[in-house]
Amino acid sequence: MRTAWVLATFLTRVSRERCYSSHFSYEAIETQSPKITSPTCTTAASRENQMLRFWKSTFFLNASNHLEKNQEEKKKILWQLNQDQMISESRNHLENFKDMQKASPLLQQAKYKLLAGSPPQEKKLLTIGISSEQHPNGSYLLDTLRSLFQASSEHELNCIVVLVHLSDPDPEWLRRTVANISDLFKPHIEAQKLLVIHGRLGDSPLPGDRNNVSRTSRCEAHYSRQKVHYALLMNFAVNLSEYFLMMEDYVYCTSKFISTIYWALSAWKELPWAILEFSSLSLSGKVFHTSDLSRLASLFLLFHKDIPIYLFLSEFRLLLAQSVPIRFSPSVFFHIGKYPAFEGTCFPVEKEKVFGEPDNPVASVLTDMMAEMNGIPQYAYTLNKECYSTLNPVRGNYLTVILEKPQKVIRIEVLTGSDKKGLYWLRQGQVELGYDPLENSRGCTRYTLLGPLVEGNLDQRVFYEEDSVEELSCIRLLVLASQESWLLIRQIKVWTQHEEEESYYNGNSGKVGFGNGIDMADQK
């Protein structure tokens with residue numbers, strides 16, 4: 001293996017296969033019923049062997065009968081042991097990964113040219129990174145930049161810098177594109193909010209390129225070019241800000257998207273994460289810590305044509321111990337115009353999931369908070385204008401929705417506070433997903449974190465592992481800090497997965513886990 005990353009990914013997959021293999025071997029041994037053959041002699045040794053075989057047979061038969069009565073429980077235990085083993089090994093792989101050389105020698109030799117603007121004097125909160133090249137159907141780069149700036153207030157723009165990497169080497173295209181950007185966005189360039197660069201690697205060939213150019217497929221060539229372009233972009237952005245937002249050059253931005261990202265980053269600041277997703281698009285809308293960019297850029301060059309970049313990012317997320325996508329709803333980025341014609345043959349067609357009305361399944365609601373104004377906890381879960389109110393919630397208070405039957409939930413929205421922003425909302429709270437329901441509908445035995453409330457609300461997607469045997473049984477809203485005020489839990493909305501949608505989510509979620517992979521037992 002060429003790097004610690006390859007070893008980590010390989011060992012994780014091998015450990016999973018090893019655990020499954022030992023599972024099947026264990027069952028085969030347990031359910032085997034040895035035959036008892038008639039003895040051919042009556043010696044003491046023969047009788048002793050016969051008795052030994054008899055007792056072995058009796059033991060395995062009894063064990064088999066006992067296990068047949070507990071197959072479901074055993075499957076859950078073995079699955080959980082498998083998860084625990086994988087999590088433990090992933091943590092070890094993460095430590096090895098962090099010891100990797102941060103900057104690739106190829107990136108150390110990278111050369112950049114400033115085409116418009118200059119780097120900001122002070123470090124920003126967020127760099128919005130866009131890589132752009134010539135497209136056969138024309139460019140939407142100017143439309144993307146126009147949408148970005150029009151969707152943002154002056155106050156929001158003070159938190160960011162927009163970095164555009166013009167990656168195509170054609171000098172005429174570079175001259176024309178820079179002239180158009182400079183003409184349309186001159187105020188932003190002068191305010192150091194927009195920076196345009198052109199980067200290229202040194203003369204050293206990329207790994208695996210020697211004597212292998214003719215064997216590279218069309219899609220592999222595209223993967224390689226795309227990863228090199230983003231590697232150069234990320235390498236330049238390392239010291240510009242605290243966070244990095246990846247964006248393609250044909251994207252429409254919704255109004256106040258910077259504020260949406262800002263408040264989410266504030267809520268997640270003290271929690272572990274590798275990638276936060278603000279869109280269902282495969283590349284655009286993903287936010288990274290800039291401290292991770294050097295490693296990611298180096299890996300882009302090391303594995304520049306092995307897999308598409310969107311699958312590579314999933315592996316990168318898993319490597320950094322985030323076992324599930326953290327995706328916020330609704331999306332704040334959408335593609336504009338047509339897809340680049342060539343990319344349609346090398347990438348899956350991206351379709352934005354359109355959610356209908358929530359379909360809250362039958363459930364009971366429990367809370368340890370005192371109700372006011374004759375309210376009942378069920379009001380928080382009923383899909384109408386009723387709400388549940390309480391006074392002076394304290395740290396540790398909860399409101400738990402206990403589903404009548406386990407469900408494949410795909411999206412959860414929790415709203416607190418009145419319609420007038422800033423009144424009666426939960427200042428610090430989080431939503432947890434519960435599994436293994438307790439008897440008498442008293443909650444669940446195990447919870448994982450879905451996410452913290454962002455300005456009193458949460459709207460996130462929920463993902464599951466492809467081979468998971470578990471379904472969601474509880475949704476718990478937990479108070480993280482006491483507050484002396486009214487608290488209004490306005491509504492909890494739940495969307496469940498229907499059978500016809502199952503293939504869609506399995507095909508788009510990749511390797512994912514429960515909640516965001518943070519076991520609440522580890523947080524205490």
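Source: prediction; values computed, not measured. (Residues numbered from 1 in each chain as written. Predicted model: local features only at pLDDT ≥ 70, side-chain atom pairs only at ≥ 80, totals over all residues. Heavy atoms only, no water.)

S.K.: Would you mind showing me how to read the environment of N137 here?
M.R.: Secondary-structure assignment places N137 in the loop between β2 (124-132) and α5 (141-150). Sequence separation between N137 and G337 is 200 residues, and the spatial gap between their C-alpha atoms is 9.7 Å. (Helix = DSSP H or I, 4+ residues; strand = E, 2+ residues; numbered from the N terminus.)

S.K.: Would you mind going over the packing of helix α11 (residues 293-302) against helix α12 (residues 309-319) with me for this structure?
M.R.: Helix-helix packing: each pair is described by the crossing angle between the helix axes and the interaxial distance. Here α11 crosses α12 at 130°, and the two axes come no closer than 12 Å. In terms of orientation, α11 lies oblique with respect to α12. Between α11 and α12 lies a crossing whose hand is right-handed. Residues L296, L299 and F300 of α11 pack against I309, F312, L313 and F316 of α12. Grouping the amino acids of the contact of α11 with α12 by side-chain chemistry returns 7 nonpolar, no polar and no charged. (Axes fitted to C-alpha atoms, helices over the stretch in contact; angles between N-to-C directions. Parallel < 35°, antiparallel > 145°, perpendicular 65-115°, else oblique. Left-handed = near helix turned anticlockwise from the far one by under 90°. Contact = heavy atoms within 4.5 Å. Nonpolar A, V, L, I, M, F, W, Y, C, P; charged D, E, K, R; others polar.)

S.K.: Even after reading the chapter, I still don't get the confidence of the model for the protein, so can you show me in this structure?
M.R.: Low-pLDDT portions of the prediction should not be read for the details of their coordinates. On average, residues of the protein score 78 in pLDDT, and 69% of them reach the 70 mark or higher. For residues 1-47, every residue scores under 50 in pLDDT, and the model assigns this stretch 59 contacts once sequence neighbours within four places are set aside. Scored below 50 in pLDDT, residues 503-515 shows 44 contacts in the model against residues more than four places distant or in partner chains. (pLDDT = per-residue confidence, 0-100.)

S.K.: What's the story with the packing of aromatic side chains in this structure? I'm lost.
M.R.: The geometry of an aromatic ring pair is captured by two quantities: the separation of the ring centres and the angle between the planes. Under the counting rule described, the total for this entry stands at 8 aromatic pairs. With a centroid separation of 5.2 Å and an interplanar angle of 65°, the aromatic rings of F257 and F333 are classed as edge-to-face. Of the two residues, F257 sits in helix α10 (residues 257-268) while F333 sits in strand β10 (residues 333-335), which places them 76 residues apart along the sequence. Ring plane angle 20° and centroid distance 4.8 Å describe the contact between F278 and F328, whose orientation is recorded as stacked. Taken together, the residues F278 in the loop between β7 (275-277) and β8 (286-289) and F328 in the loop between β9 (326-327) and β10 connect sequence positions 50 residues apart. Here F278 and F328 have matching classes, each one buried. Note that R411 overlies the ring of F355, its terminal NZ or CZ placed 4.9 Å from the centroid. (Phe/Tyr/Trp six-rings, centres within 6.5 Å; stacked < 30°, edge-to-face > 60°. Buried < 20%, exposed > 50% of the residue type's maximum accessible area, 1.4 Å probe, protein only. Lys NZ or Arg CZ within 6 Å of the ring centre and 35° of its normal.)

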